[in-house]
Amino acid sequence: MSLVYERVHDNLQRLDLRSIHEALDGHLERSQDKSFMDVLDALLADEVETRRVRAVETRMRTAGFPVAKTLDTYDFTFQPAIDRKAVEDLRALRWVHNAENILLLGPPGVGKSHLAIGLAVEAVRAGASAYYTTAASMVAQLKQATRRDGLEARLRRYVRPRVLVMDEIGYLPMDAEAAHLFFQVVTKRYEQGATIYTSNKAFSEWGEVLGGDAVLASAVLDRLLHHCTVLNIKGESYRLRNRRRLGAKAPENEGGR
Ligand code: ADP
Ligand code: MG
């Protein structure tokens, strides 16, 4: 009797059925009146759900989001110009399935990074892999990899994930080498992976951003915009909303950050 018990637990561990291993004793004590199928069903459902949660956590860690943001914490009433319906449509994640792009444009503080991360988190929860990078960090890494003869391997980091967030295009202008590395990522992801781009620069300024190379910029935009939802956020900076309010007579304490 005790041997069967030990063997079952031993095998559960060998098969890495951790959740069943942990829940089994409780079920043995509580489930006398349940059928074998009902108990097995409950144990397996628990194992599957635990694995799903664990896999989401792993993908979240791999994605390397710099801050935890979700679509649910984005205040659309603060940014009325934003096309809320378009954002709701994006929640269905057809853009991930179809390897399409999202481009978030607007000045600092309007929530581009917040929305980009929130959308990527939706994809991660639904089972997709994701990776977050700023444009500047990506090209710096790729430059370094080039020097060490490891460009191909490094490119894979940006090409392989189903969803890539490429944040902050345009904050730092790129030199010619950086612009070409950027172009390579855009080209390799084109129609292969879904990408969320964010920028504070209008299309007309992308030539300047991309090493002063207007031809390269139009090749980038051509691919980027081919299958793309563009959200132009024209509103005010959320970061400055409290400062503005503090200027008013009776500042209220929201207890926020
Ligand atoms: P951007 O990337 O456009 O410069 P961020 O996404 O970094 O802006 O937003 C700046 C800060 O303000 C972040 O903490 C973000 O979560 C918050 N924020 C911006 N817009 C909103 C909004 N509409 N609702 C809630 N929080 C917002
Ligand atoms: Mg940002």
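Provided above is the structure to which this section pertains.
The structure reproduced in this document is the subject of the present report. Throughout, a residue's number is its position along its own chain's written sequence, starting from 1. Chains carry letters from A onward and ligands carry numbers from 1 onward, assigned in written order. Totals for whole chains, interfaces and linings use all residues, but because this is a predicted model, local features are given only for residues with pLDDT of at least 70 and pairs of side-chain atoms are given and counted only at 80 or more. Computation of side-chain values: all heavy atoms of the structure, hydrogens and water removed.

**Concerning the site of ligand 1**
Okay, so step 1: Within the structure, ligand 1 sits among 14 residues, and Lys69, Asp75, Gly109, Lys112 and His114 are positioned closest to it.
Okay, so step 2: Under this definition, polar contacts are N or O atom pairs within 3.5 Å; protein pairs additionally need one hydrogen-donor-capable and one acceptor-capable atom, and for neighbouring residues in sequence, both atoms have to be side-chain atoms. Within the backbone of Gly109, a nitrogen or oxygen atom sits 2.7 Å from an oxygen atom of ligand 1.
Okay, so step 3: Within the side chain of His114, an N or O atom sits 2.6 Å from an oxygen atom of ligand 1.
Okay, so step 4: In this analysis, the protein atoms alone were mapped onto a 1 Å grid. Cavities are point sets where a 1.4 Å probe fits without being able to get out; pockets are open sets with protein on both sides within 12 Å along at least five of seven lines; lining residues have an atom within 4 Å of a point. To qualify as sitting in a cavity or pocket, a molecule needs more than half of its atoms within 2 Å of the grid points. If you map ligand 1 onto the pockets, it falls in the largest pocket. Throughout, near means a residue has at least one heavy atom within 4 Å of the molecule or strand.

**Some words on the pairing of strand S4 (residues 194-199)**
Okay, so step 1: Along S4, six of the six residues are buried, which leaves the element largely enclosed by surrounding structure.
Okay, so step 2: Only protein chains enter the accessibility calculation, which uses a 1.4 Å probe; a residue is then buried when its area is under 20% of its type maximum, exposed when over 50%, and partly exposed in between. Helix and strand labels come from DSSP, where a helix needs a run of H or I of at least four residues and a strand needs a run of E of at least two; each type is numbered from the N terminus. Side-chain alternation along S4 places Ala194, Ile196 and Thr198 on one buried face and Thr195, Tyr197 and Ser199 on a second face that is also buried.
Okay, so step 3: Where strand S1 (residues 101-105) lies against S4, five bridges are found, and the strand directions are parallel. Note that in S4 the partner of Leu105 across the bridge is Ser199.
Okay, so step 4: Pairing geometry for strand S3 (residues 163-169) and S4, over five bridges, is parallel. Any two strands with at least two DSSP bridges between them are considered paired.

**A closer look at the nonpolar core**
Okay, so step 1: Formed by 33 residues in total, the largest nonpolar core has its most connected members in Phe65, Trp95, Leu115, Val163 and Ile196.
Okay, so step 2: If one sorts the elements of this core by residue count, helix H6 (residues 112-125) sits on top with eight residues.
Okay, so step 3: Should any heavy atoms of two residues lie within 4.5 Å, those residues are considered in contact. Ignoring anything within four residues of it in the chain, the contact list for Leu115 reads Leu71, Tyr74, Phe76, Ile82, Leu104 and Ile233.
Okay, so step 4: Counting residues in each nonpolar core, the second largest holds 30 residues, with Val139, Leu210, Val220 and Leu224 among its members. Nonpolar cores were defined as sets of buried Ala, Val, Leu, Ile, Met, Phe, Trp, Tyr and Cys residues, with membership established by side-chain atoms within 4.5 Å.

**Digging into the layout of surface pockets**
Okay, so step 1: Grid points are joined across faces, edges and corners, and a volume is the space filled by probe spheres set on the points. One number sums up the size of the largest pocket: a volume of about 720 Å³.
Okay, so step 2: Forming the walls of the largest pocket are 25 residues, and the residues nearest its centre are Lys69, Gly111, His114, Tyr238 and Arg239.
Okay, so step 3: Secondary-structure elements contributing two or more residues to the lining of the largest pocket are H6 and S3.
Okay, so step 4: Gly is put with the polar residues, along with every residue not named as nonpolar or charged; the nonpolar set is Ala, Val, Leu, Ile, Met, Phe, Trp, Tyr, Cys and Pro, and the charged set is Asp, Glu, Lys and Arg. Among the residues making up the lining of the largest pocket, the classes are represented as nine nonpolar, eight polar and eight charged.
Okay, so step 5: Of the voids in this model, the second largest pocket is the one considered here, and its volume is about 200 Å³.
Okay, so step 6: Forming the boundary of the second largest pocket are Leu24, His27, Leu28, Ser31, Gln32, Lys34, Ser35, Phe36, Val39, Leu40 and Leu43.
Okay, so step 7: Taken together, the elements giving at least two residues each to the lining of the second largest pocket come down to helix H2 (18-30) and helix H3 (36-63).
Okay, so step 8: A per-class count over the lining of the second largest pocket returns six nonpolar, four polar and one charged.

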